[in-house]
Amino acid sequence: MSIRILGIDPGLRSTGFGVIDRDGSQLAYVASGCVRAEGTELPARLKIILEGLSEVIALHAPHQVAIEQVFVNVNPHSTLLLGQARGTAICAAVLGGLPIAEYTALQIKQAVVGRGHAEKGQVQEMVKRLLGLAAAPGSDAADALACAICHAHGGQGLGRFQTTGYRVRRGRLV
């Protein structure tokens, strides 16, 4: 049975998305890109993100959503703004009636590259190889596809366990 997964890499200016199909252990690329929110005011940017991701959900009809968790940055103001973009992305998935799984950047890189502290270029190259793409996708789209691949592989070494609706904390489903 094929499962369509939407991966989201939240960002205030550029929110990456990637859609893949998982059929057993096989992964197939469907689509990827970015929702560009270039408005000057925060509410306008959040509206663009919500509408853009809602359109992606309507167009590609994913079954599940995987989203990257926000890491605490040196600048708390930047972290707060990124959290608002992430919350907007989650709202788009919830409005679409989709289950959401969350992964840290470390988990995503570990699942895709095999190293939790991999460089962006390494993630792009592995996404290209794993999905059989002719060229590496852009940075934001590659991160979103990597998030979807992480979810398709069951997250951090979880194999075939159903992880939708659960969080992984210290290697355990909670």
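Residues numbered from 1 in each chain as written. Predicted model: local features only at pLDDT ≥ 70, side-chain atom pairs only at ≥ 80, totals over all residues. Heavy atoms only, no water.

S.K.: Looking at this model, I keep getting lost on the packing of helix H4 (residues 120–131) against helix H5 (residues 139–152). Mind explaining?
M.R.: The packing of two helices is summarised by the inter-axis angle and the distance between the axes. Running from N to C, H4 and H5 cross one another at 60°; their axes reach a closest spacing of 9 Å. As the angle between them shows, H4 and H5 are arranged oblique. For the pair H4 and H5, the crossing hand works out as left-handed. In this structure, H4 uses Lys 120, Val 123, Gln 124, Val 127, Leu 130 and Leu 131 to contact H5, whose residues at the interface are Ser 139, Ala 142, Asp 143, Leu 145, Ala 146 and Ile 149. Taken together, the residues of the contact of H4 with H5 break down into eight nonpolar, two polar and two charged. (Axes fitted to C-alpha atoms, helices over the stretch in contact; angles between N-to-C directions. Helix = DSSP H or I, 4+ residues; strand = E, 2+ residues; numbered from the N terminus. Parallel < 35°, antiparallel > 145°, perpendicular 65-115°, else oblique. Left-handed = near helix turned anticlockwise from the far one by under 90°. Contact = heavy atoms within 4.5 Å. Nonpolar A, V, L, I, M, F, W, Y, C, P; charged D, E, K, R; others polar.)

S.K.: For this particular structure, what's the right way to read the packing of helix H1 (residues 42–60) against helix H2 (residues 76–95)?
M.R.: In contact at an axis separation of 9 Å, H1 and H2 are set at 35° when each is read in the N-to-C sense. For the pair H1 and H2, the sense of crossing is right-handed. When H1 is examined against H2, the residues Leu 42, Leu 46, Ile 49, Leu 50, Leu 53, Ser 54 and Ile 57 are found in contact with a partner set consisting of Leu 81, Gln 84, Ala 85, Thr 88, Ala 89, Cys 91, Ala 92, Ala 93 and Leu 95. A per-class count over the contact of H1 with H2 returns 13 nonpolar, three polar and no charged.

S.K.: Where do I start with the sheet that holds strand E2 (residues 14–23) in this structure?
M.R.: Taken together, five strands build an open sheet; the order of strands is E3-E2-E1-E4-E5 and the sheet is mixed. Two strands in the sheet have a free side with no partner beyond their single neighbour: strand E3 (26–36) and strand E5 (100–103). Mean inter-strand twist for the sheet, computed between neighbouring axes without regard to direction, equals 20°. In the packing of H2 onto the sheet, the strands contacted are strand E1 (2–9), strand E4 (64–68) and E5, and the crossing angle to E4 comes to about 175°. Packed onto the sheet, helix H3 (residues 105–112) meets E4 and E5 and runs at close to 90° relative to E5. (Pairing = 2+ DSSP bridges.)

S.K.: What is the right way to read the pairing of E1 from this model?
M.R.: Remember that side chains alternate between the two faces of the sheet whenever the strand is regular. Counting buried positions along E1 yields six of eight residues, so the element is predominantly enclosed. In this sheet, E2 lies alongside E1 in antiparallel orientation, the contact comprising eight bridges. Paired with Ile 8 across the two strands is Phe 17, which belongs to E2. Turn length for the E1-E2 hairpin, with the two strands adjacent in sequence and antiparallel, is four residues. (Buried < 20%, exposed > 50% of the residue type's maximum accessible area, 1.4 Å probe, protein only.)

S.K.: Explain unusual backbone geometry to me, please; I cannot follow it from the model alone.
M.R.: Of all residues except glycine, most have a negative phi; of all peptide bonds, most are trans. The phi dihedral of Ala 61 falls on the positive side, at around 45°, and the residue is not glycine. Position of Ala 61 relative to the elements: it lies in the loop between H1 and E4. Ala 61 sits in the partly exposed class, given a relative accessible area of 48%.

S.K.: Teacher, can you tell me more about the environment of Thr 104 here?
M.R.: On the secondary structure map, Thr 104 appears in the loop between E5 and H3. Sequence spacing of Thr 104 and Gln 69 is 35 residues, and the spatial spacing of their C-alpha atoms is 5.0 Å.

S.K.: Just checking my understanding: could you explain the side chain of Gln 124 for this structure?
M.R.: With respect to the element layout, Gln 124 can be found in helix H4. Those residues in contact with Gln 124, other than ones at most four positions away along the chain, are Ala 136, Pro 137, Gly 138, Ser 139 and Ala 142.

S.K.: What's the story with the environment of Asn 75 in this structure? I'm lost.
M.R.: Take Asn 75: it is sitting in the loop between E4 and H2. Taking the relative accessible area as the measure of exposure, Asn 75 reaches 36% and is therefore partly exposed.

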